[in-house]
Amino acid sequence: MFNSKKIAQELIKSYKKEGTPAFDGEFNLPNREEIIGVLEEVQKVLFPAYFAHDEARDPEPFAEATLHSIYFRLKKQIELAFAFCKGQGGCNECCAEKTTDEFIEELPRIRKILFTDVEAFFAGDPAARSKEEIIFSYPGFYAIFVYRLAHILYLQGVPFIPRMMTEHAHGKTGIDINPGATIGEYFFIDHGTGVVIGETTVIGNRVKIYQAVTLGALSPRKGQKLSGVKRHPTVKDDVTVYSGASILGGDTVIGEGAVIGGNCFLTQSVEAGARVSAKQPELIIK
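Residues numbered from 1 in each chain as written. Predicted model: local features only at pLDDT ≥ 70, side-chain atom pairs only at ≥ 80, totals over all residues. Heavy atoms only, no water.

Enquirer: How should I be thinking about the pattern of salt bridges in this particular structure?
Expert: Close approach of charged atoms allows side chains with opposite charge to pair. Under the criterion given, the structure shown has 13 salt bridges. With its nearest N and O atoms 3.0 Å apart, the salt bridge here joins Glu55 to Lys44. Here Glu55 is found in the loop between helix 3 (48-51) and helix 4 (59-86), whereas its partner Lys44 is found in helix 2 (residues 32-46), with eleven residues between them in sequence. With relative accessibility at 23%, the residue Lys44 sits in the partly exposed group. Taken together, the salt bridges that share partners define one network made up of Glu34, Glu41 and Arg73. (Salt bridge = Lys/Arg side-chain N within 4 Å of Asp/Glu carboxyl O. Helix = DSSP H or I, 4+ residues; strand = E, 2+ residues; numbered from the N terminus. Buried < 20%, exposed > 50% of the residue type's maximum accessible area, 1.4 Å probe, protein only.)

Written as structure tokens, this is what we have:
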């Protein structure tokens, strides 16, 4: 039988050596389950017929009550995030209150943008039987929904929470969108698994991308020295990027209306309207 006391003492020593909090009592970090709960409540208030069911029979009281719940749950988590980054006792409650107010005020605008994404999905996927099916079940739409919420908090400088949100969506859908990316309206991710969109990516309107596409950085050997530097590509309006393509680098610009074929590897800009394809390998069947 192992010696639990000895192993526990060794672990406690390692906690102290790392110089990072080991227990909740040292710093109160944001709670992952609460963040997921906030996402679920926002989903209800933005799409009540789909996710609120009987709760939304009387729309106005439902919407007000849900917004109040979102507000207080999110405000608490934002307070914890700011407090951790500023040191114990350094939480600025007024700052958290202002940040949460702004988040709630953005929800009507976000709902309008999300419905442009629904339109893009429905127009772009002949397999979609209805817009309801997209909202209920498409992983690409869920990843975009979470990204658009997380991006608000990212722009407000909230620590932890934006990435917690998008990593939850990443785990659920296989789609990795950094909350710092800038993405326009009518955005469509078809199938979605394996899509990666980096922090400084800029995507225009009416862009369509397929599974396993990477909008990434060139090898970031300078590490943290590149923080805040544009390292990911710019994809302009009406671009289509087919499956398996990798577009890398902060100076790489894909011009309006370009089509990037499957499995292309791009580290240079492409002019508007271009058609880019990788040379097909020889197929041998024996």
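Enquirer: Explain a nonpolar patch on the surface here, please?
Expert: A cluster of nonpolar side chains, contributed by Met1, Phe2, Ile7 and Leu11, occupies part of the molecular surface with about 500 Å² of accessible area. Note on Leu11: relative accessible area 42%, which makes it partly exposed. (Patch = residues over 30% accessible without salt bridge, like charges linked within 9 Å, V, L, I, M, F, W, Y side chains within 5 Å. Areas by Shrake-Rupley, 256 points an atom, 1.4 Å probe, with all protein chains shown as cover.)

Enquirer: Sorry, what's going on with the sheet that holds strand 7 (residues 214-216) here?
Expert: Hydrogen bonds between backbone groups are what pair the strands of a sheet, and the pairing can be parallel or antiparallel. Strands sit in the order 1-4-7-10-13 across an open sheet of five strands; the sheet is parallel. Every other strand in the sheet has two partners, leaving strand 1 (176-177) and strand 13 (265-266) as the edge strands with one partner each. Alignment of strand 10 (residues 246-248) against strand 13, held across two bridges, turns out to be parallel. Bridge pairing in strand 13 places Ile247 opposite Leu266. (Pairing = 2+ DSSP bridges.)

Enquirer: Please clarify how the sheet that holds strand 3 (residues 188-189) should be interpreted in this entry.
Expert: Sheet architecture is open: five strands sit in the order 3-6-9-12-14, paired in parallel fashion. Strands at the two margins of the open sheet, each flanked by one partner only, are strand 3 and strand 14 (275-276). In this structure, strand 9 (residues 240-241) lies alongside strand 12 (residues 259-260), joined through two bridges in parallel fashion. Across the sheet, residue Val241 finds its bridge partner in strand 12, namely Ile260.

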